[in-house]
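# Results of the structural survey
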Amino acid sequence: MINFDLTNEQLELQQRVKQFITEKIIPYEKDSRITSHGPTDELRIELNALAKEAGLFAPHVSKELGGMGLNHVDMAIAFEAAGYSPLGPIALHCAAPDEGNMNLLSKVGTTAQKERWLKPFAAGDIRSNFCMTEPGGAGADPSGMYTKATYDGDDFIVNGVKWLITGARGSSFTIIFCDVQAEGDKPGGPTMLISDMDQPGITISRDLESLDNSFTGGHSEITFNNLRIPAENVLGEVGEGFRYVQVRLAPARLTHCMRWLGAARRAHDIACDYARRRHAFGKPIGEHEGIGFMLADNEMELQQSQLMIWWTAAALDKGEKGRHESSMTKTLVSEAVFRIADRCVQVLGGSGVTKDTVVEWVFREARSFRIYDGPSEVHRWAIAKRILRNG
């Protein structure tokens, strides 16, 4: 039989993260170092120090690299609790894109690459970005890639433009998804290349003004102009980029769900408290069906989302690829989280559209979630293809 009860160790982990977020992180939510492009690196480092002191730093990173070494189910518990504040994943060093890049480097990187980038990265000394999305090119369909890499001896020369690159401003290195042009007996195809951000040929063309602002460094456009990358900086093998994208994206879709579920739960808690205290037409507004039914719908979708996340996490822990499960979970949870946040804004009325509570922040973040790591429409298309293929 399936058992949904948490173990004593999991309950203790959940409580530790909850207490840490409530007592140490939520008080920072009005900090002036939270800009329109996310928390500054100064604030990030300060929050990281608090997480390290509490023994809650990098739950997804192996113990050998200084993390907590949690499996996916335990990560779901910790990440959800961290997501209760938009600053929680930043504090625990498990926010996107860094968490996904750490996972990718740990699975695909060479020993030298891990020593050069992953080791200081896992320690929180540096940040990263992941360059895949392009203006008018690669996005939900990565095969529409315009960024090219050509051979120059044993090196690669990269040219192209990437945009909506999360955390680019202030990051130390990037993982570039590009199309290597075959030459003679040298292979080509979709490939991931690593480069330090301070190299000639990399320019942050502009910082994008976006709906959300919970990611350190915000979102930027990056131009590559004859960027030279040595052969030892190939991540994995030339031509195997699509395979590595799936290595990164299936777990990353799920960790997005974990974090945003915590944010939705926070918004719901605030809305429930308000519905108990606010009186209109002779009684607390929560006792009016129009409000009570919204809270009931929230409660059902929170539970549904949590079960989907645990189900997919369990599949990954069994060694399964989890592509089908993560697509279903990402679609369902992203849409549910947005509906929950939207209802919470409605319950709060006028205060719901102000910055008096974090609900307005959660609402903005939740809308973006329906696009990040694949919009719902693309996931539904992929799910349908698998259904028909396997029927």
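Structural notes, computed from the coordinates. (Residues numbered from 1 in each chain as written. Predicted model: local features only at pLDDT ≥ 70, side-chain atom pairs only at ≥ 80, totals over all residues. Heavy atoms only, no water.)

## Here we look at the overall build of the chain
Selection rule: Numbering of helices and strands runs from the N terminus, with a helix taken as a DSSP run of H or I at least four residues long and a strand as a DSSP run of E at least two residues long. Note on method: radius of gyration uses C-alpha positions; expected globular size equals 2.2 Å times residues raised to 0.38. A simple rule labels every residue: compare its accessible area, found with a 1.4 Å probe on the protein chains alone, to the largest value its type can have, and call it buried under 20%, exposed over 50%, or partly exposed in between. In this description, contact between two residues means that some pair of their heavy atoms is separated by no more than 4.5 Å.
Counting its regular elements, the chain contains eleven helices and twelve strands. Compactness check: the chain gives a C-alpha radius of gyration of 21 Å against a globular reference of 21 Å for 391 residues, within 12% of the reference. Within the span of the chain, comprising 391 residues, buried residues form 55% of the whole. Expressed as a percentage of contacts within the chain between residues at least 6 apart in sequence, the contacts between residues at least 24 apart total 74%.

## Topic: the nonpolar core
Selection criterion: Among the buried residues, those of types Ala, Val, Leu, Ile, Met, Phe, Trp, Tyr and Cys that are joined through side-chain atoms within 4.5 Å form a nonpolar core.
The biggest cluster of nonpolar side chains holds 93 residues, and the ones touching the most others in it are Val-17, Phe-20, Leu-47, Leu-92, Met-192, Ile-309 and Val-347. Among the elements that take part in this core, helix α7 (residues 241-277) stands out by supplying 16 residues, more than any other. For Phe-20, the residues in contact, after removing those within four places along its chain, are Ile-25, Leu-50, Ala-51, Ala-54, Leu-56, Ala-91 and Leu-92. In terms of nonpolar packing, the next biggest core, distinct from the first, is built from 18 residues, Cys-131, Ala-149, Val-158 and Leu-193 among them.

## A short note on the packing of aromatic side chains
As a reminder, the rule being used: Two rings from Phe, Tyr or Trp (for Trp, the six-membered ring) form a pair when their centres are within 6.5 Å of each other. A pair whose planes differ by under 30 degrees is stacked, one over 60 is edge-to-face, and the rest are tilted.
Per the stated rule, a full pass over the model turns up eight aromatic pairs. An angle of 35° between the planes, with centres 5.4 Å apart, marks the rings of Phe-338 and Phe-363 as tilted. One end of the pair, Phe-338, is in helix α9 (residues 323-348); the other, Phe-363, is in helix α10 (residues 359-369), with 25 residues separating them in the sequence. Overall, Phe-338 belongs to the buried group, its relative accessible area being 17%. Members of the aromatic cluster, each reached through a chain of ring pairs, are Phe-215, Trp-260, Phe-369 and Tyr-372.

## Some words on the pairing of strand β7 (residues 189-196)
Which entries qualify depends on this criterion: We treat two strands as partners when DSSP finds at least two bridges between them.
Most of β7 sits out of view: eight of its eight residues are buried. Inspection of the sheet shows strand β6 (residues 173-180) paired to β7 by eight bridges, in the antiparallel sense. Opposite Val-180, over in β7, you have Gly-189 as the bridge partner.

## Some words on a positive patch on the surface
For clarity, the threshold we go by: Only residues above 30% relative accessible area that lack a salt bridge enter a patch, with like-charged residues linked at up to 9 Å and the nonpolar side chains Val, Leu, Ile, Met, Phe, Trp and Tyr linked at up to 5 Å. Accessibility throughout is a Shrake-Rupley quantity obtained with a 1.4 Å probe, and a residue counts as covered only by protein chains that appear here. Counted as salt bridges are all cases of a side-chain nitrogen of Lys or Arg within 4 Å of a carboxyl oxygen of Asp or Glu. Neither His nor the chain ends is counted toward charge; the positive residues are Lys and Arg and the negative residues Asp and Glu. By convention, charge coordinates are those of NZ in Lys, CZ in Arg, CG in Asp, or CD in Glu.
Among the surface-exposed residues, Lys-321, Arg-323, Lys-385 and Arg-389 lie close enough to one another that they form a single positively charged patch. Residue position: Lys-321 is located in the loop between α8 (289-317) and α9. Assessed through its relative accessible area of 70%, Lys-321 is described here as exposed.

## Remarks on the pattern of salt bridges
Counted under the stated rule, the structure contains 25 salt bridges. Across the salt bridge formed by Arg-33 and Glu-46, the nearest N and O atoms sit 2.8 Å from each other. Taken together, the residues Arg-33 in the loop between α1 (8-25) and β1 (34-35) and Glu-46 in helix α2 (residues 41-53) connect sequence positions 13 residues apart. Overall, Glu-46 belongs to the partly exposed group, its relative accessible area being 31%. For Arg-265, the salt bridge identified is with Glu-80, shortest N-O distance 2.7 Å. Here Arg-265 is found in helix α7, whereas its partner Glu-80 is found in helix α3 (residues 72-82), with 185 residues between them in sequence. Accessibility expressed as a relative area gives 24% for Arg-265, which makes it partly exposed. The network of salt bridges with shared partners includes Asp-31, Arg-33, Glu-42 and Glu-46.

## Looking at helix α5 (residues 98-108)
Counting buried positions along α5 gives nine out of eleven residues, so the element sits mostly inside the fold. If you check which residues of α5 are buried, you get Asp-98, Glu-99, Gly-100, Asn-101, Met-102, Asn-103, Leu-104, Leu-105 and Val-108.

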